[in-house]
Amino acid sequence: MVKVERSFPAPESLAEKARKANGKYDRQDVIERLKRDFHNKCYICEMKELQDPNVEHLLPHKNGKYPERKFDWENLFWSCGHCNGIKNNNKYDEGIIDCCKQDPEKYLYFHLIDNIVVIDVSDIRDEFQNRTALLITEVFSVKNTGMRTYTSDERLRLLQKEMNILYKQLEKLHNNPDSKVILRTICSLLKRESAFAAFKRCYVREHADKYPQLQKCVLLD
């Protein structure tokens with residue numbers, strides 16, 4: 001999860017549909033804007049080029065119990081079906097970090113250790129950080145159904161693949177530290193809009209002694 005810049009003003013259809021009894025919050029203008037703002041990347045797992053995109057509510061509207069949330073542009077997020085399904089659990093109802101208002105990289109530390117996703121928090125007393133860390137961990141590891149086992153494993157496989165690409169480029173940089181081409185390639189991998197950016201950026205920050213020339217690519221807001 002990385003910081004996302006949400007565009008304003010809100011898509012026009014939201015105000016129009018909010019006035020209707022059975023109005024829809026996922027009209028074409030909403031979908032196109034979310035896809036663009038979030039770089040067609042799930043805000044939770046960070047998988048790119050989603051084939052099953054969902055318009056997800058950061059705070060649930062509970063089928064009309066909280067109508068003000070249903071059409072609130074700042075409450076709508078771009079996610080994959082897998083992550084949306086896992087987040088649709090009462091334990092997340094009180095909210096997670098809003099990546100459009102806060103920079104998750106300031107509060108969470110994203111690790112892939114022995115092919116297991118581990119998310120650490122900066123403040124163990126902060127429930128938003130704890131819920132967010134738990135959710136991100138779950139989307140890579142939950143196996144309570146056959147389909148969720150498959151989709152969790154697929155996200156973990158793609159994360160491993162992306163990290164291995166980074167590791168190989170870092171090895172190239174180690175062997176050729178003056179290469180501007182390699183440096184540009186790595187900085188591209190570290191952009192927030194790239195797949196699984198939080199994990200790659202965290203790795204580089206935590207190895208600042210080895211890669212001081214890359215720290216400009218992983219600066220926080």
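Look up: the structure comes first, before these words.
Residue numbers run consecutively from 1 along every chain, following the written order of its sequence. Confidence filtering applies because this is a predicted model: local features only for residues at pLDDT of at least 70, side-chain atom pairs given and counted only at 80 or more, and all residues used for totals across whole chains, interfaces and linings. Remark: hydrogens and water are excluded; side-chain values derive from all non-hydrogen atoms of the structure.

A. Representation of the pairing of strand 2 (residues 76-80) in the model. Burial classification: accessible surface area is computed with a 1.4 Å probe over protein chains only, and a residue below 20% of its type maximum counts as buried, one above 50% as exposed, and the rest as partly exposed. Secondary structure elements follow DSSP: runs of H or I of four or more residues count as helices, runs of E of two or more count as strands, with numbering from the N terminus. Of all 5 residues in strand 2, 5 are buried, a share of seventy percent or more. Burial along strand 2 is two-sided: the face carrying L76, W78 and C80 and the face carrying F77 and S79 are both buried. In terms of strand pairing, strand 1 (residues 53-57) meets strand 2 through 5 bridges, oriented antiparallel. Opposite V55, over in strand 2, you have W78 as the bridge partner. Strands pair, by our definition, only if DSSP identifies at least two bridges between them.

B. Broad picture of the state of the cysteines. Pairs of cysteine sulfur atoms within 2.5 Å are identified as disulfides in what follows. Under the defined criterion, the tally for this structure stands at 1 disulfide. One disulfide in the model links C187 with C217; its S-S distance is 1.9 Å. Judged by the torsion about the S-S bond (40 degrees), the C187/C217 disulfide is right-handed. One end of the pair, C187, is in helix 7 (residues 180-189); the other, C217, is in the segment after helix 8 (197-206), with 30 residues separating them in the sequence. Pair check on accessibility: C187 and C217 agree, each one buried. The structure places no disulfide on C45, whose sulfur is separated from the nearest cysteine sulfur, that of C83, by 3.7 Å. Among the cysteines around C99, which has no disulfide bond, C100 carries the closest sulfur, lying 4.6 Å off.

C. Region of the structure containing helix 2 (residues 28-37). Inspection of helix 2 places V30, R33, L34 and D37 among the buried residues, and these make up the whole buried set. The arc enclosing the buried residues of helix 2, seen along the axis, measures out at 95 degrees, which places them on a common side. Buried positions along helix 2 lie against helix 1 (12-18), strand 1 and strand 2. One or two positions beyond helix 2, positive phi appears at H39, with a value near 55 degrees. Throughout, the arc means the angular range of directions from the helix axis out to the C-beta atoms. Contact criterion: two residues are considered in contact whenever any of their non-hydrogen atoms come within 4.5 Å of each other.

D. Highlighting the pattern of salt bridges. For salt bridges, the criterion is a side-chain nitrogen of Lys or Arg within 4 Å of an Asp or Glu carboxyl oxygen. The tally for this structure, following the rule as stated, stands at 16 salt bridges. Across the pair E105 and R205 runs a salt bridge whose closest N-O atoms are separated by 2.9 Å. Of the two residues, E105 sits in the loop between helix 4 (81-87) and strand 3 (108-113) while R205 sits in helix 8, which places them 100 residues apart along the sequence. Here E105 falls in the buried class, since its relative accessible area comes to 2%. Overlapping salt bridges bring together D103, E105, R192, R201 and R205 as one network.

E. Just the nonpolar core, in detail. Here, the term nonpolar core denotes a set of buried Ala, Val, Leu, Ile, Met, Phe, Trp, Tyr and Cys residues that are joined through side-chain atoms within 4.5 Å. Counting residues in each nonpolar core, the largest one holds 63 residues, and the members touching the most others are F38, Y43, F110, I136, F140, F199 and L214. When residues of this core are assigned to their parent elements, the largest contribution, 6 residues, is made by helix 6 (residues 146-175). If we ignore the near neighbours within four places in the chain, the residues touching F140 are C45, V117, S152, R155, L156, L159, F196 and F199.

Read these as spatial facts, not as claims about activity.
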